[in-house]
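Examining the three-dimensional arrangement
The lines below spell out each chain.
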Amino acid sequence: METPLAHLAHLEVTSPDVEASARFYEEKFGMRIIDRVDGNVYLRCWGDYYRYSLVVTSGAEPSLGRMAWRTNSQEALEAAAARVEAGGVQGVWTAGGHGFGKAYEFTGPYGHHIRLFFEVEKFVAEPEFASVYPDRPEKRSSHSAAPRFLDHVTVATSDVRGFAKWHSEALGFRVMAFVELDEAPITVFSVLTTNEKSHDLGVVLDTSNRPGRVNHIAFWVDTHEDLLRTADVLMENGTPMEYGPSIHGVGEQNFLYFREPSGLRVELNSGGYRNYVPDWEPNSWKPSEGSNNFYRNGAMPHSMTESFPPAEGFTATEEGASPEMKEALLNPYAKQGRG
């Protein structure tokens, strides 16, 4: 059976101040505003092959509005929709939208809004942005912090293994790894992929009662030096690093995290391994084995456990869980009425 999905095509995020978020992505991070339509701002990474990589829309809180995946063919789109419905979720067909054609849209079983399509507008650079290299959609950005590609999104869910199983069965994701607590066999993190990357979809455990939350969105640069330069440029221009630079154990990417004006967390990656094994069986890591920090010597800030939009409860990471979250998971009867 053909693998339905090709890759992550774009993300939609909400912001209470669309213009402030858009200015950040353009002026500080080096993305390019390519369109403004009905109050939404469309931005692109210089190396992405479609018209845009990110859409910033208006919302009362920072959140993931939608993740959009391109399928491998029109037939794969039809097959993916059938598999989603066979998995117990009912979606709707639309005629398409800005920059993409016929689409199947649905809300997954854990509350995340998903768009699938095959027809898409390929980006053609304006003459002043045309690259001298035929395979580049436009010339390399002159902004020293600019990401080349959209890379992945990490969302939050009440059941990490259930999320991984459903997305594997319904959409053909390969499940690449899990992270379990050292103290108990409780799965707090997983990575899934549509291709040879270690992941283009991550998922963390969330004990809140608010479905569909997101932990971070992520972009890509070519080299570790590019990533370090981005941290330098952002710091010099008033954006502190939330965590990193360092290297993840799961996936082995170089990483850094920071926030955009809405509060939404943004990650930048470089490096990482490639995995072409068709019958790969995911390993289960422990935080003590360096799941989040390859060198096992970094202190992840507590702020990394925040997901969006805000909600009561706890969120895990590749690092595991905070002491408060561990208490809630390991001793569910500590609070009357829970467990």
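Higher on the page you've got the structure.
Everything in this summary refers to the structure shown in the same document.

1. Focus: the pattern of salt bridges
Considering all chains together, one arrives at 25 salt bridges under this definition. Across the pair E126 and R32 runs a salt bridge, and its minimum N-O distance is 3.1 Å. Here R32 lies in strand β2 (residues 32-37) and E126 lies in the loop between β8 (113-117) and β9 (149-157), a separation of 94 residues in the sequence. The class for R32 is buried, based on a relative accessible area of 15%. Residues D151 and K197 are paired through a salt bridge, measuring 3.2 Å at the closest nitrogen-oxygen approach. On the criterion of sequence distance, the pair formed by D151 in strand β9 and K197 in the loop between β11 (187-193) and β12 (201-205) is long-range, its members being 46 residues apart.

2. So, the packing of aromatic side chains
For the structure shown, the criterion picks out 15 aromatic pairs. Note on F29 and F219: the rings are 5.4 Å apart at their centroids and 75 degrees apart in plane angle, and the pair reads as edge-to-face. Here F29 is found in the loop between α1 (18-28) and β2, whereas its partner F219 is found in strand β13 (residues 214-220), with 190 residues between them in sequence. Accessibility classification places F29 together with F219 in one group, the buried group. With centroids separated by 6.2 Å and ring planes inclined at 10 degrees, the aromatic side chains of Y243 and Y257 adopt a geometry described as stacked. One end of the pair, Y243, is in strand β14 (residues 243-247); the other, Y257, is in strand β15 (residues 253-259), and 14 residues separate them in sequence. Relative accessible area serves as the criterion here: at 7%, Y243 is assigned to the buried category. Feature note: the residues F24, Y25, F29, F219 and F258 constitute an aromatic cluster, connected by ring pairs.

3. Let's talk about the sheet that holds β8
Sheet architecture is open: eight strands sit in the order β2-β3-β4-β1-β5-β8-β7-β6, paired in mixed fashion. Every interior strand has two partners, whereas the edge strands, β2 and β6 (92-94), have only one. Between one strand axis and the next, the sheet turns through 25 degrees on average, direction left out of account. Of the strands in this sheet, β5 (63-71), β6, β7 (103-107) and β8 are in contact with helix α2 (residues 74-86), which crosses β7 at around 20 degrees.

4. Points about the side chain of T71
Topologically, T71 is positioned in strand β5. Within the structure, T71 has its side chain in polar contact with the backbone oxygen of S73 (distance 2.9 Å). Not counting residues within four places of it along the chain, the set of residues in contact with T71 comprises P4, L5, A6, A76, L77, L116, F117 and F118.

5. A look at the sheet that holds strand β10 (residues 174-180)
Ordered in space as β14-β15-β16-β13-β9-β12-β11-β10-β17, the nine strands form an open sheet in which the pairing is mixed. Each of the sheet's edge strands pairs with one partner strand only, and the pair in question is β14 and β17 (283-285). On average, each strand axis in the sheet is tilted by 20 degrees relative to the strand beside it, whichever way the strands run. Contacting β9, β10, β11, β12 and β17, helix α3 (residues 160-171) runs over the sheet at an angle of about 20 degrees to β11.

6. Brief notes about the pairing of β15
For β15, a buried count of six out of seven residues is recorded, marking the element as mostly surrounded by other parts of the structure. Here three bridges tie β14 to β15, and the two strands are oriented antiparallel to one another. When the sheet's bridge partners are listed, Y243 is paired in β15 with Y257. The hairpin formed by β14 and β15 contains five residues between the paired strands, and G251 there has a positive phi angle of roughly 95 degrees. Here β15 folds back onto strand β16 (residues 265-271) in antiparallel fashion, the turn holding five residues, of which G263 has a positive phi close to 105 degrees.

Conventions adopted
- Residues numbered from 1 in each chain as written.
- Predicted model: local features only at pLDDT ≥ 70, side-chain atom pairs only at ≥ 80, totals over all residues.
- Heavy atoms only, no water.
- Salt bridge = Lys/Arg side-chain N within 4 Å of Asp/Glu carboxyl O.
- Helix = DSSP H or I, 4+ residues; strand = E, 2+ residues; numbered from the N terminus.
- Buried < 20%, exposed > 50% of the residue type's maximum accessible area, 1.4 Å probe, protein only.
- Phe/Tyr/Trp six-rings, centres within 6.5 Å; stacked < 30°, edge-to-face > 60°.
- Pairing = 2+ DSSP bridges.
- Axes fitted to C-alpha atoms, helices over the stretch in contact; angles between N-to-C directions.
- Contact = heavy atoms within 4.5 Å.
- Polar contact = N/O pair within 3.5 Å; in protein donor to acceptor, adjacent residues only side chain to side chain.

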